[in-house]
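Residues per chain, in single letters:
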2 protein chains.
Amino acid sequence: MNQQRPQKKTTIYDLAELAGTSASAVSAVLNGNWKKRRISSQLAEKITRIAEEQGYAVNMQASLLRREKSRIIGMIVPKYDNRYFGSIVETFEIMARARGLFPIITCTLRDPDLEIEAARTMLSYQVEWLISTGATDPDRITDICLAAGTRSLNLDLPGTKATSIISDNFAGARELTKRTLINVEQKSGAMAPLLFIGGRGSDHNTAERIRGFRMAHQDLGVPIEEHHILACGYAPEKAAQALSAMAASEGSVPRGMFVNSTISLEGVMRWIKSSPLFDAAPPIIGCFDWDPFVALLGHDIEMARQDVPGMLTAAFDIVEKGSGDTGKLIEIPPLFA
Amino acid sequence: MNQQRPQKKTTIYDLAELAGTSASAVSAVLNGNWKKRRISSQLAEKITRIAEEQGYAVNMQASLLRREKSRIIGMIVPKYDNRYFGSIVETFEIMARARGLFPIITCTLRDPDLEIEAARTMLSYQVEWLISTGATDPDRITDICLAAGTRSLNLDLPGTKATSIISDNFAGARELTKRTLINVEQKSGAMAPLLFIGGRGSDHNTAERIRGFRMAHQDLGVPIEEHHILACGYAPEKAAQALSAMAASEGSVPRGMFVNSTISLEGVMRWIKSSPLFDAAPPIIGCFDWDPFVALLGHDIEMARQDVPGMLTAAFDIVEKGSGDTGKLIEIPPLFA
DNA sequence: TTGAAAGCGCTAACAG
DNA sequence: CTGTTAGCGCTTTCAA
């Protein structure tokens, strides 16, 4: 049984006693500024050994309370259920650690209230920066941070009150749409306008992608079908429902589609699989997002892969510079295979 | 410009002064035990209002230093790059919050040294429990926790020194193998032994899955091909290499395959796509793991979906009971579509 | 009903 | 080279 009752933890005072020295010596040795204090390497070694033997771990709560900077950096993220956000948090952790920062991450399930609560909790933990990823109301979070004297950054979805680092949605969507239109021409002999599906019309990214979508059609001289722009939300079910409704009312669905995320793509593919409309000719899809299995498992799906390392490098540049201009927008081009 | 220099943060002393009362009253009001102290609701209201106005947030470092329990629960996880781990962290966060615990998560990139370092860092933050998910050396982590008087749990991959909650790998693999063998019979007219690919022979889960794999063959009277069991590691490239090597030396690869994870499946699918061997008849696959796109995008792939909510419910039951027997193994059956 | 005061474990002057 | 000391912001007796 490891019915280990939370026994009293070893402190620097315990170590000091064991080493026959003072707590401050122990503290200095254990956090590396012992040359500055010119402590004998003998003592240093002894203290280090004893600390090891006792399995000592500093109490961060106490340490941080005393220091002026926490070196904690927070991130809130909507979900962990797709490669894009997964890659964001993984890269964030790696880059934070590489800079001596301690990353804390929390997911908000796209719930606006949870978002605010999560931001407040992060502030309680004294984060030095808060990065709001894909937040529904980034400006509200920035306000809260500002009031607490904490700096913040928006990622993926922009706000107006803090620097925002996002994909270049317009240019990315324009290129993706172009590629998809050309695929349609090659596969079915003629160009035809695409269906746009997924995302919220109210969010900046979707609006910009629709703009790029339009522009690409214009570039290639293909007329747009206005009622074929369905910003029906991101959830898979929403996309499936929208397609159902269109099939019911129009009797068909365009063969070429611009799908606004892998999340929406899940619903699109599910619906396509369940419908006889594409039995003869498979759909031709462009997806603004990337997933390895989508790339590997059949179908003709072109993807725009958002440049996560690029975005986070930009974010950490700002963190390290310590600046953060109001509402500045940094756009990182997505990558094509 | 939000060149917000980390201004001095508001403390309960500031609030006390503004409210014309004492810090202890503020503290009591702000953390809800003010009826116990019979503070007038008038004062309580006033304090709450002022706190709100000032955008006050408690300093957790100070609060936790004083309290005896941190109510922080830690989890280490190898990667965020697949649905299984993504779902684990998401569910973990939700369940932790529902129980009034603050979850902190860190990923270790399957790096044994990072694993240990991450565990130590978690201890520094005074976590009350540490859940090691898919750790390469869970017992080492348990030892470190034990020395610090912290309780720990293993998830996904078992250890011998703390309770482990894992999938029922043997039964799951047996069922998955059976289903895949039957698929092979239906698709190609006759049963034939499957190829086992992915995972490390040294890890408990892979060993158990291989045992289930053997048992299912035996159940159905199909002989095993010993050299068709390739525990070549999880990484996609490893799986692809192993298939290449087999194709080179034997000139063919079995049509039916048991793939040990979606991670390995990525490599398997990539190789299959690049090889002419399956141009005529597509592979028939059983995958021990689940991914929505694999389910949707063509091919005949049977999946065993690990029961993440079931596993985490078991974990939190133990956390709430406060127990944690050495080396006890709790096996949760995976789900089939 | 409320306030004063001690102290959680650690760091950083400062004094030897 | 090393130890003493004064807090960091908060919670929690205890006394009023």
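Only a predicted model underlies this, so the values are computations on that prediction, with no experimental measurement involved.

## Some words on the protein's contact with DNA strand D
Inference 1: A:T21, A:R37, A:R66, B:Y56 and B:R66 are the nearest of the 25 residues found near DNA strand D.
Inference 2: When atoms of DNA strand D within 4 Å of the protein are split into backbone and base, the sugar-phosphate part holds 48%.
Inference 3: B:S63 places a polar side-chain atom, nitrogen or oxygen, 3.3 Å from a phosphate oxygen of DNA strand D.
Inference 4: Counting residues per element, the ones that place at least two in the surface near DNA strand D are α2 (23–30) and α4 (60–66) of chain A together with α1 (12–19), α2 (23–30) and α4 (60–66) of chain B.
Inference 5: Examining the composition of the surface near DNA strand D, we find that 3 residues originate from one element, α4(B), more than from any other.
Inference 6: Each residue belonging to the surface near DNA strand D can be placed in one class, and the counts come to 9 nonpolar, 10 polar and 6 charged.

## A short note on the protein's contact with DNA strand C
Inference 1: Residues in contact with DNA strand C amount to 25 residues; listed here are only the nearest, A:S27, A:Y56, A:R66, B:T21 and B:R38.
Inference 2: Of everything in DNA strand C that lies within 4 Å of the protein, sugar and phosphate atoms constitute 51%.
Inference 3: With respect to DNA strand C, the side chain of A:N31 contributes an N or O atom lying 3.1 Å from a phosphate oxygen.
Inference 4: For DNA strand C, a phosphate oxygen lies 3.3 Å from a polar atom in the side chain of A:S63.
Inference 5: Secondary-structure elements contributing two or more residues to the surface near DNA strand C are α1 (12–19), α2 and α4 of chain A together with α2 and α4 of chain B.
Inference 6: For the surface near DNA strand C, the element with the most residues is α4(A), which contributes 3 residues.
Inference 7: Residues belonging to the surface near DNA strand C are distributed by class as follows: 9 nonpolar, 10 polar and 6 charged.

## Focus on the UniProt feature "domain: HTH lacI-type" (unreviewed entry) in chain A
Inference 1: Annotation from UniProt places "domain: HTH lacI-type" (unreviewed entry) at residues 10–67 of chain A.
Inference 2: End C-alpha to end C-alpha, residues 10–67 of chain A measures 20 Å, and it is 62% helix and 0% strand.

## Brief notes about the sheet that holds strand β11 (residues 284–288) of chain A
Residue and element names in this part refer to chain A.
Inference 1: Spatial ordering of the open sheet is given by β8-β6-β10-β11-β12-β14, a layout of 6 strands whose pairing is mixed. Edge strands, defined here as strands with exactly one partner in the open sheet, are β8 (229–230) and β14 (335–336).
Inference 2: Note that strand β6 (residues 195–197) and strand β10 (residues 256–259) share 3 bridges and pair parallel. Each bridged residue has a counterpart across the sheet, and for I197 the counterpart in β10 is V259.
Inference 3: Of the strands in this sheet, β10, β11, β12 (300–305) and β14 touch helix α8 (residues 169–188), which is tilted by about 170° from β11.
Inference 4: Helix α9 (residues 204–219) rests against β6, β8, β10 and β11 of the sheet, and its axis sits at about 170° to β6.

## Observations concerning the relation of the copies chain A and chain B
Inference 1: Once turned by 180° and shifted 0.1 Å along the axis, chain A lies on chain B with an RMSD of 0.2 Å. The symmetry that links the two subunits is that of a two-fold axis. Closest to the rotation axis within chain A is the C-alpha of A:Q61, separated from it by 2.2 Å.
Inference 2: Here 100% of the interface residues in chain A have copies in chain B that are interface residues too; the copies meet face to matching face.

## Digging into the nonpolar core
Inference 1: Among the nonpolar cores identified, the biggest contains 56 residues, and A:L312 and B:L312 are the most heavily contacted of them.
Inference 2: Not counting chain neighbours up to four residues away, the residues in contact with A:L312 comprise A:M75, A:I88, A:T91, A:F92, A:M95 and A:L155.
Inference 3: With 51 residues, the next largest nonpolar core counts A:A240, A:A247, A:I301 and B:I272 among its residues.

## Re the pairing of strand β1 (residues 72–77) of chain A
All names here are of chain A.
Inference 1: Across the 6 residues of β1, 6 count as buried, placing the element largely inside the fold.
Inference 2: Judged by which residues are buried, β1 turns out to be covered on both faces: I72, G74 and I76 on one side and I73, M75 and V77 on the other are all buried.
Inference 3: Regarding topology, helix α5 (residues 83–98) serves as the crossover connection from β1 to the parallel strand β2 (residues 102–107), and that connection is right-handed.
Inference 4: In terms of strand pairing, β1 meets strand β3 (residues 129–133) through 4 bridges, oriented parallel. Its bridge partner lying in β3, M75 is registered against I131.

About the cut-offs
- Residues numbered from 1 in each chain as written.
- Chains lettered and ligands numbered in written order.
- Predicted model: local features only at pLDDT ≥ 70, side-chain atom pairs only at ≥ 80, totals over all residues.
- Heavy atoms only, no water.
- Near = heavy atom within 4 Å.
- Polar contact = N/O pair within 3.5 Å; in protein donor to acceptor, adjacent residues only side chain to side chain.
- Helix = DSSP H or I, 4+ residues; strand = E, 2+ residues; numbered from the N terminus.
- Nonpolar A, V, L, I, M, F, W, Y, C, P; charged D, E, K, R; others polar.
- UniProt positions renumbered as here; feature names shortened; annotations may be inferred.
- Pairing = 2+ DSSP bridges.
- Contact = heavy atoms within 4.5 Å.
- Axes fitted to C-alpha atoms, helices over the stretch in contact; angles between N-to-C directions.
- Least-squares fit on C-alpha atoms with pLDDT ≥ 70 in both.
- Core = buried A, V, L, I, M, F, W, Y, C linked by side-chain atoms within 4.5 Å.
- Buried < 20%, exposed > 50% of the residue type's maximum accessible area, 1.4 Å probe, protein only.
- Right-handed = clockwise from strand over helix to strand, strands pointing away.

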